[in-house]
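# Structural description and commentary
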Amino acid sequence: MKKTFNTLDKVRVVIVFLSLLIAIFASMDGYYWLINIVFILLALNLIIMGIQGFSENKTTIFSYLILGIALLIIYLSIAHLLN
């Protein structure tokens, strides 16, 4: 049975590709602050995973945990980026 890719799957692939490229640039000298952008992009990927988990089964706690961790990562990355 073939799996069809929906829009959220395609967005997740683009986000992971962008975070890979930015992580390569972050490894260079002087661009260490880009690692916070990578963390934010990976947290957005986690949020998309949580949304997909809600569409399958709304009673599982794992979707809520994924969303909570992703929001915490975004908050801490933005706080570190602003300092």
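Everything below is about the structure shown above.
Structure report, in brief. Note that the coordinates shown come from a computational prediction; the quantities given were computed from them, not determined experimentally.

## Things to note about the packing of helix H2 (residues 34-56) against helix H3 (residues 61-82)
- Contact geometry for H2 and H3: axes closest at 8 Å, N-to-C directions at 160°. As summarised for this structure, H2 and H3 are arranged roughly antiparallel, according to the angle between their axes. Once H2 is placed against H3, the crossing between them reads as left-handed. Residues Asn36, Ile37, Phe39, Ile40, Ala43, Leu44, Leu46, Ile47, Gly50, Gly53 and Phe54 of H2 touch H3, and the partners they reach there are Ser63, Tyr64, Ile66, Leu67, Ala70, Leu71, Ile73, Ile74, Ser77, Ile78, His80 and Leu81.
- For the contact of H2 with H3, the per-class residue count stands at 17 nonpolar, six polar and no charged.

## Considerations on helix H1 (residues 7-26)
- Across its 20 residues, H1 extends 28 Å between first and last C-alpha, which sits within 8% of the 28 Å expected from 1.5 Å per residue.
- Looking at H1, one finds that the buried residues are Asp9, Ile15, Ser19, Ile22 and Ala26. Down the axis of H1, the sector holding all buried residues measures 150°, keeping them to one side. Along H1, exposed side chains directed more than 90 degrees from the buried face belong to Lys10, Val13 and Phe17.
- On the buried face of H1, the contacting elements are H2.

Reading the values: rules and limits
- Residues numbered from 1 in each chain as written.
- Predicted model: local features only at pLDDT ≥ 70, side-chain atom pairs only at ≥ 80, totals over all residues.
- Heavy atoms only, no water.
- Axes fitted to C-alpha atoms, helices over the stretch in contact; angles between N-to-C directions.
- Helix = DSSP H or I, 4+ residues; strand = E, 2+ residues; numbered from the N terminus.
- Parallel < 35°, antiparallel > 145°, perpendicular 65-115°, else oblique.
- Left-handed = near helix turned anticlockwise from the far one by under 90°.
- Contact = heavy atoms within 4.5 Å.
- Nonpolar A, V, L, I, M, F, W, Y, C, P; charged D, E, K, R; others polar.
- Expected span 1.5 Å × (residues − 1).
- Buried < 20%, exposed > 50% of the residue type's maximum accessible area, 1.4 Å probe, protein only.
- Arc of directions from axis to C-beta.

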